[in-house]
2 protein chains.
Amino acid sequence: MKLDDFLVEQWMNDYEGMAVHDLTSTCGQALTCRELLDLEPGILEDVELNYGSITGDPRLRSEILSLYQNQDPHTLTLAQGCLQANEMVMETVLEPGDEVIAYTPGYQQFYSYPEALGCQVHLLRLEPDSWSFPLDRTLELIETRPGIRMILMGHPSNPTGTFMKEEELSRLISACRAHGIWLFCDEVYFWPDSGLSVADLYEKGVATSSLSKLYGLAGLRSGWIKACPELIHAIDVRRDYTIISTGPLTDTLSYAALLHKEELLARVRKTVQKNTEIVKNWLQDNPLFSCSIEQDSLVAFLRYHKDISSADLARSLLRDTGIFFVPGSCFGLEHHLRLGLGTCHEDLKAVLEQLQTYVQTWEQVQ
Amino acid sequence: MKLDDFLVEQWMNDYEGMAVHDLTSTCGQALTCRELLDLEPGILEDVELNYGSITGDPRLRSEILSLYQNQDPHTLTLAQGCLQANEMVMETVLEPGDEVIAYTPGYQQFYSYPEALGCQVHLLRLEPDSWSFPLDRTLELIETRPGIRMILMGHPSNPTGTFMKEEELSRLISACRAHGIWLFCDEVYFWPDSGLSVADLYEKGVATSSLSKLYGLAGLRSGWIKACPELIHAIDVRRDYTIISTGPLTDTLSYAALLHKEELLARVRKTVQKNTEIVKNWLQDNPLFSCSIEQDSLVAFLRYHKDISSADLARSLLRDTGIFFVPGSCFGLEHHLRLGLGTCHEDLKAVLEQLQTYVQTWEQVQ
């Protein structure tokens, strides 16, 4: 299978190690193993390091199910992170020749992967600046292209943090239902207390998520898929060929984390809110930048109003100041930087000022 | 992508939980987390649960490389278990229309997965009873079918435990080299001190392995791929779409394990040797069964000389006695049971006698 390079991930691979001020990570501040183990002391001790339960530790499954309205165990399967969960969904459902709808700027997995599977991708542009989803254009495509099999959304979207409001989502679901289309939402940035998952709203709604972002536990590589039992069964067949199980180590620690989910979510939300306030104040005084930031969003797409290539800017910024961004070019749009809001910073205000000075004086420093 | 059910894994999923005497697991006896952590106390404490190094903890990579002659870091990438490593190799190299050679009885992933990718699979039968690889037939196919792109072997094979002797492997490599064919060996049952990996013997040799079997650490889901830098790079591109990283939790514990590899390997080898001796003595007195067992093999294919369906036998045996086997039917061959030799048993001799009585009196108990 021929796959395009995954631009954002390659950028992270190539440059993340040099970051002094990581302003681009979309994860909540990571816990250490000790911090996690202190939540449930001794929970790991007697765990046998065999394959464990193939379908996942029942205690973990039950905690994940409690995040949803429909708690039927047949509607859930586990994966090693949300990225893998996404791959499993796409690879199980999609066939060469299928048409799909995805959005840009967006997470490349949702269009490059279907392309690699031989699908025809209709890539729709989010509304500039507000980054709202183009509902009318989506509905029009659904009506006019009977080959459409799936709609793929980061929901909220990476890198914009935007999502469809309830009434819009409801209209989209009606159209999908009328045409038997799968609505696949990566909900890794979706706060469980912020509304209902697409998997609870629509019988052909597929939701994926993980502990990586809102819980600050990317290192567990713990993700899941929530969908109708028929799809979950089909994915489980495929899972036998790829992972066997997520394993008792990850399962046990993920269970421990979800026993304390309120605490962990509150911890990351507090950081996000603090960072967002600082960024918003900074934006008010700096017309060189603009950005629409959703409430409690871990990610936003920061625009700079100067004609510099985003990759050039991100590279030299990192080299000269240690400030790390993924450039908009990795998401198919220039003059932007992906801004992450979940990481703790010693002095975010000062770093943002340094960024501003750097961009303003760009020509001088080259 | 349409995939056949993975028979052996589904059997394990469906029945393993009921096992009292697991005679079929091919893993070395699993360590507990405590046993592993006691090897390197405190190693986990300060580990931050972020994505960690995308290409894997350099300390772990260095320990894995030390198992091979060629220790170029560009010849290695990490995966979440050997099964996933295998999938990554096949999915990266193979294209629809390619021809491949695989073997039966063998691990279904090596023929059903290429089939799902649209390849034509030449499935060759291992020599009955000795289960040696059919070298002449393989060479003949290589000479007559120019479309052959890859040879896939469990090496040693699951479920037979057999492998090519040095001189045979050398002849096979010469033929592969002459035709530019990839030689892909799953070496998860290959003792590192028993010879050279195919990745060290042949520039288009691809080896996969993990800590699941010989180290008794399946629960870490820690595997790897060893191949030429070009293939590793291509796999790493794909890896960005599927796992991002194996994560610092697994990486750190896998590193701890490999720091003590001699001890861990000796531990499993001792169990295997003890079990093998008991089985061999038992076989001598029981003509109802026969089995060729390789030295220090974690797996063998036990034949019973009675006309009973292997799935029926395995199911009722489990129900009536708690003795658990995967039936030969899961590997495409009747009248066999897969025998695992790495697990500790309280009284293997008594369990084998119970097995014998059960099979002898099969008709009465139905």
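Residues numbered from 1 in each chain as written. Chains lettered and ligands numbered in written order. Predicted model: local features only at pLDDT ≥ 70, side-chain atom pairs only at ≥ 80, totals over all residues. Heavy atoms only, no water.

*Asks:* Could you clarify how one ought to interpret the overall build of chain A in this entry?
*Replies:* Looking only at helices and strands, chain A has 14 helices and 13 strands in total. Relative to the globule expectation of 21 Å for 366 residues, the C-alpha radius of gyration of chain A, 21 Å, shows essentially globular dimensions. When the backbone C-alpha atoms are referred to their principal axes, chain A occupies close to 60 × 60 × 40 Å. Counting every position in chain A, which comprises 366 residues, the buried fraction comes to 65%. For chain A, the proportion of contacts with a sequence separation of at least 24, taken over those separated by at least 6, is 71%. In the form shown here, chain A has an accessible surface area of approximately 13300 Å², with 49% of it arising from carbon and sulfur atoms. Each charge class in chain A was averaged separately, 29 positive and 52 negative side chains, and the resulting centres sit 2 Å apart. (Helix = DSSP H or I, 4+ residues; strand = E, 2+ residues; numbered from the N terminus. Rg over C-alpha atoms; globule rule 2.2 N^0.38 Å. Buried < 20%, exposed > 50% of the residue type's maximum accessible area, 1.4 Å probe, protein only. Contact = heavy atoms within 4.5 Å. Areas by Shrake-Rupley, 256 points an atom, 1.4 Å probe, with all protein chains shown as cover. Lys, Arg positive; Asp, Glu negative; His and termini not counted. Charge placed at Lys NZ, Arg CZ, Asp CG, Glu CD.)

*Asks:* Where do I start with the relation of the copies chain A and chain B in this structure?
*Replies:* Mapping between the two chain copies consists of a rotation about an axis together with a translation along that axis. After a rotation of 180° and a shift along the axis of 0.0 Å, chain A superposes on chain B with an RMSD of 0.0 Å. Taken together, the turn and the small shift mark the pair as related by a two-fold rotation axis. When the interface residues of chain A are mapped onto chain B, 98% of them again fall at the interface, so both copies present the same face. (Least-squares fit on C-alpha atoms with pLDDT ≥ 70 in both.)

*Asks:* I'm lost on the sheet that holds strand β13 (residues 336-340) of chain A in this one. Help?
*Replies:* Across a sheet, strands are paired by hydrogen bonds formed along the backbone, either parallel or antiparallel in direction. Residues and elements named next belong to chain A. Reading across from one edge, β9-β10-β13-β12 is the order of the four strands in this open sheet, with antiparallel pairing throughout. Two strands close off the open sheet at either side, each with one partner strand: β9 (289-290) and β12 (326-327). With five bridges joining them, strand β10 (residues 299-304) and β13 adopt antiparallel strand pairing. By the bridge assignment for β13, Phe301 is matched with Arg338. (Pairing = 2+ DSSP bridges.)

*Asks:* Looking at this structure, I do not really get the environment of A:Thr75. What am I missing?
*Replies:* Residue and element names in this part refer to chain A. Tracing the backbone through its elements, the reader meets Thr75 in the loop between α3 (58-65) and β2 (76-79). Separated by 13 residues in sequence, Thr75 and Ser62 have C-alpha atoms that sit 11 Å apart. In this structure, Thr75 is in contact with Leu65, Asn70, Ile225, Lys226, Ala227, Pro229 and Ile232, ignoring residues within four places of it in sequence.

*Asks:* Would you take a moment to explain the interface of chain A and chain B for this structure?
*Replies:* Bring the parts together and some accessible area is lost; that lost area is often taken as the interface size. With 62 residues of chain A in contact, the opposing surface of chain B contributes 61 residues. Counting each side, the surface lost to burial between chain A and chain B is near 5300 Å², with a carbon and sulfur contribution of 54%. For the pair chain A and chain B, the number of links is six salt bridges. In this structure, B:Asp46 and A:Arg34 form a salt bridge, with 2.9 Å as the shortest nitrogen-oxygen distance. Between chain A and chain B we count 32 residue pairs in polar contact (both at pLDDT 80 or more) in total. Among the elements of the structure, α1 (7-15), α2 (33-39), α4 (82-93), α5 (109-116), α9 (229-239) and α10 (248-259) of chain A are those that each provide at least two residues to the side of chain A that touches chain B. Counting residues per element, the side of chain A that touches chain B draws most heavily on α4(A), at five residues. A breakdown of the residues in the side of chain A that touches chain B according to their chemical character gives 27 nonpolar, 18 polar and 17 charged. (Buried area = accessible area lost by both parts, 1.4 Å probe. Salt bridge = Lys/Arg side-chain N within 4 Å of Asp/Glu carboxyl O. Polar contact = N/O pair within 3.5 Å; in protein donor to acceptor, adjacent residues only side chain to side chain. Nonpolar A, V, L, I, M, F, W, Y, C, P; charged D, E, K, R; others polar.)

*Asks:* Would you explain the pairing of strand β7 (residues 205-210) of chain B in this entry?
*Replies:* Put simply, side chains in a regular strand alternate between the two faces of the sheet. Residue and element names in this part refer to chain B. A large share of β7 lies buried, amounting to six of its six residues. Burial of the side chains of β7 extends over both faces: Gly205, Ala207 and Ser209 are buried on one face and Val206, Thr208 and Ser210 on the other. Bridge count for strand β6 (residues 182-186) against β7 is four bridges, and the pairing is parallel. Within β7, the position partnered with Asp186 by the bridge is Thr208. In this structure, β7 lies alongside strand β8 (residues 223-226), joined through four bridges in antiparallel fashion. By the bridge assignment, Ser209 is partnered in β8 with Trp224.

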